[in-house]
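Okay, here's what each chain looks like letter by letter:
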Amino acid sequence: MGSGQRQAELWGPGAKLWSEKHESYALNIVDWVLDRIYEGNGAHILDAGCGAGATVAMAVKRGARVTATDVTPEMLEIARQRVPQANFYVADSEALPFADNTFDSVMAMHSLQFTETPLNALHEFKRVSKPNAKIGIAMFGDTAHADFATIGAAVRKLFKTPPNFEGPFSLSPPSKLHGVIQQAGLKILETGDFDMEREFESFEEYWHGQAGTGATRYAVRELGEELVRDTIAGVIAQFTDSQGKITLRNRFHAVIAAKQ
């Protein structure tokens, strides 16, 4: 099974929950990226791995013409309802259905790390973008500064044989991401780190929202809900105050690269 099909099966059932509980987190990074890759005048942007469309809406609001892809039909259905003026395609970033030199710029917000072979996806971004186009990429940064990584590592240890895909942190730390970007023949122009907090009033609120993420759905499917839930509850106690409020701190990393 390819990564696209696997991710679609994991994220599809939780698409609505994702769009309601998680997608708004870290959207200020999208503004930072758009400030650098969108040059105005209705330029044509590819949003690769657009999820439920919040990033697409931000680009369209600026006046961009947007084509967006995702492997999950359920996500794209939500995106189409949110941003009917954009064009959407069910497509894997490793095999984009577009001609060479089509787009003025490309962005991949929190999606590249879920591809099976990120280098292939970056070659595709390079192929479909025009000469000198800018490519904006964002994802989790250094795992030493990501509480979500601490939680994920505890769950990963439950597997007798760890999954052969790494999920949200597959391109962390930033040096790993930079390496594959340069290997694709792209020039890194600028980078940025963003430290953010995410608060939950209770573990129940956290768990309800987490059920909409692909990584948690996979763990529950393979290990059972009780084991995964209890493990996460044990780890998350260190981020919980005396009133039961959870505060998670995470660092994100963004890169602006250019096609040479």
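What you see is a predicted model, and the numbers here were worked out from it, not measured in a lab.

Each value, and the rule that gives it
Residues numbered from 1 in each chain as written. Predicted model: local features only at pLDDT ≥ 70, side-chain atom pairs only at ≥ 80, totals over all residues. Heavy atoms only, no water. Phe/Tyr/Trp six-rings, centres within 6.5 Å; stacked < 30°, edge-to-face > 60°. Buried < 20%, exposed > 50% of the residue type's maximum accessible area, 1.4 Å probe, protein only. Helix = DSSP H or I, 4+ residues; strand = E, 2+ residues; numbered from the N terminus. Pairing = 2+ DSSP bridges. Right-handed = clockwise from strand over helix to strand, strands pointing away. Axes fitted to C-alpha atoms, helices over the stretch in contact; angles between N-to-C directions. Parallel < 35°, antiparallel > 145°, perpendicular 65-115°, else oblique. Left-handed = near helix turned anticlockwise from the far one by under 90°. Contact = heavy atoms within 4.5 Å. Nonpolar A, V, L, I, M, F, W, Y, C, P; charged D, E, K, R; others polar. Polar contact = N/O pair within 3.5 Å; in protein donor to acceptor, adjacent residues only side chain to side chain. Core = buried A, V, L, I, M, F, W, Y, C linked by side-chain atoms within 4.5 Å. Salt bridge = Lys/Arg side-chain N within 4 Å of Asp/Glu carboxyl O.

1. Let's talk about the packing of aromatic side chains
Turning to step 1, where the next piece is worked out: Across all of its chains, the model carries 13 aromatic pairs by this definition.
Turning to step 2, where the next piece is worked out: An aromatic cluster of three or more residues is present, and its members are Y25, F140, F148, F169 and F252.

2. A closer look at the pairing of strand β2 (residues 65-70)
Turning to step 1, where the next piece is worked out: Where burial is concerned, most of β2 is hidden: 5 out of the 6 residues are buried.
Turning to step 2, where the next piece is worked out: Sheet topology places strand β1 (residues 44-48) next to β2; 5 bridges connect them, and they run parallel. Across the sheet, residue H44 finds its bridge partner in β2, namely R65.
Turning to step 3, where the next piece is worked out: The parallel pair β1 and β2, bridged by helix α4 (residues 54-61), forms a crossover whose chirality is right-handed.
Turning to step 4, where the next piece is worked out: Bridge analysis of β2 against strand β3 (residues 87-90) gives 4 bridges, and the strand direction is parallel. Along β3, the bridge assignment pairs T67 with N87.
Turning to step 5, where the next piece is worked out: Handedness of the β2-helix α5 (residues 73-82)-β3 crossover: right-handed.

3. Comments concerning the packing of helix α9 (residues 203-210) against helix α11 (residues 225-236)
Turning to step 1, where the next piece is worked out: Axis separation between α9 and α11 bottoms out at 11 Å; the angle between their running directions is 130 degrees. If you check the angle between α9 and α11, you find them oblique. α11 is crossed by α9, and the crossing has right-handed handedness. Residues F203, E204, Y206 and W207 of α9 pack against E225, V228, R229, I232, A233 and I236 of α11.
Turning to step 2, where the next piece is worked out: Class assignment for the residues of the contact of α9 with α11 results in 7 nonpolar, no polar and 3 charged.

4. Observations regarding the environment of E124
Turning to step 1, where the next piece is worked out: Structurally, E124 is set in helix α6 (residues 118-128).
Turning to step 2, where the next piece is worked out: Look at E124 and you get buried, because its relative accessible area is 13%.
Turning to step 3, where the next piece is worked out: Among residues more than four places away in sequence, those in contact with E124 are S93, E94, A95 and L96.
Turning to step 4, where the next piece is worked out: Here the side chain of E124 touches R127 through a polar contact of 2.7 Å, side chain to side chain.

5. Here's the deal with the nonpolar core
For soluble globular proteins, nonpolar side chains are generally found buried alongside one another.
Turning to step 1, where the next piece is worked out: Among the nonpolar cores identified, the biggest contains 62 residues, and I29 and Y206 are the most heavily contacted of them.
Turning to step 2, where the next piece is worked out: Element by element, the count of residues in this core is highest for helix α3 (residues 28-37), at 6 residues.
Turning to step 3, where the next piece is worked out: Listed in part, the 24 residues of the second largest apolar core include F98, V128, I137 and A257.

6. Quick word on the packing of helix α10 (residues 214-223) against α11
Turning to step 1, where the next piece is worked out: The contact between α10 and α11 brings their axes to 7 Å, and the two run at 125 degrees. In terms of their interaxial angle, α10 and α11 are classed as oblique. Taking contact as the criterion, the partners of A219, V220 and L223 in α10 are, on α11, E225, L227 and V228.
Turning to step 2, where the next piece is worked out: Of the residues in the contact of α10 with α11, the class split is 5 nonpolar, no polar and 1 charged.

7. Considerations on the sheet that holds β3
Turning to step 1, where the next piece is worked out: Strand order in the open sheet formed by 7 strands is β3-β2-β1-β4-β5-β7-β6, with mixed pairing between adjacent strands. This sheet does not close on itself; its edge strands, each paired only once, are β3 and β6 (186-200). Between one strand axis and the next, the sheet turns through 15 degrees on average, direction left out of account.
Turning to step 2, where the next piece is worked out: With 3 bridges connecting them, β1 and strand β4 (residues 103-109) associate as parallel partners. Within β4, the position partnered with D47 by the bridge is M107.
Turning to step 3, where the next piece is worked out: Lying on the sheet, α6 is in contact with β1, β4, β5 (129-140), β6 and β7 (246-259); it crosses β5 at an angle near 145 degrees.

8. Focus: the pattern of salt bridges
Oppositely charged side chains can pair when the atoms bearing their charge come close.
Turning to step 1, where the next piece is worked out: One pass over the structure, following the stated rule, counts 13 salt bridges.
Turning to step 2, where the next piece is worked out: A salt bridge links D195 to R251; its shortest N-O distance comes to 2.7 Å. Here the residue D195 occupies a position in strand β6, and R251 occupies one in strand β7, the gap between them amounting to 56 residues.
Turning to step 3, where the next piece is worked out: By relative accessible area, D195 is classed as exposed at 56%.
Turning to step 4, where the next piece is worked out: Judged by relative accessible area, R251 falls into the partly exposed class, the value being 21%.

Keep in mind that these numbers describe shape and distance, not what the molecule does.
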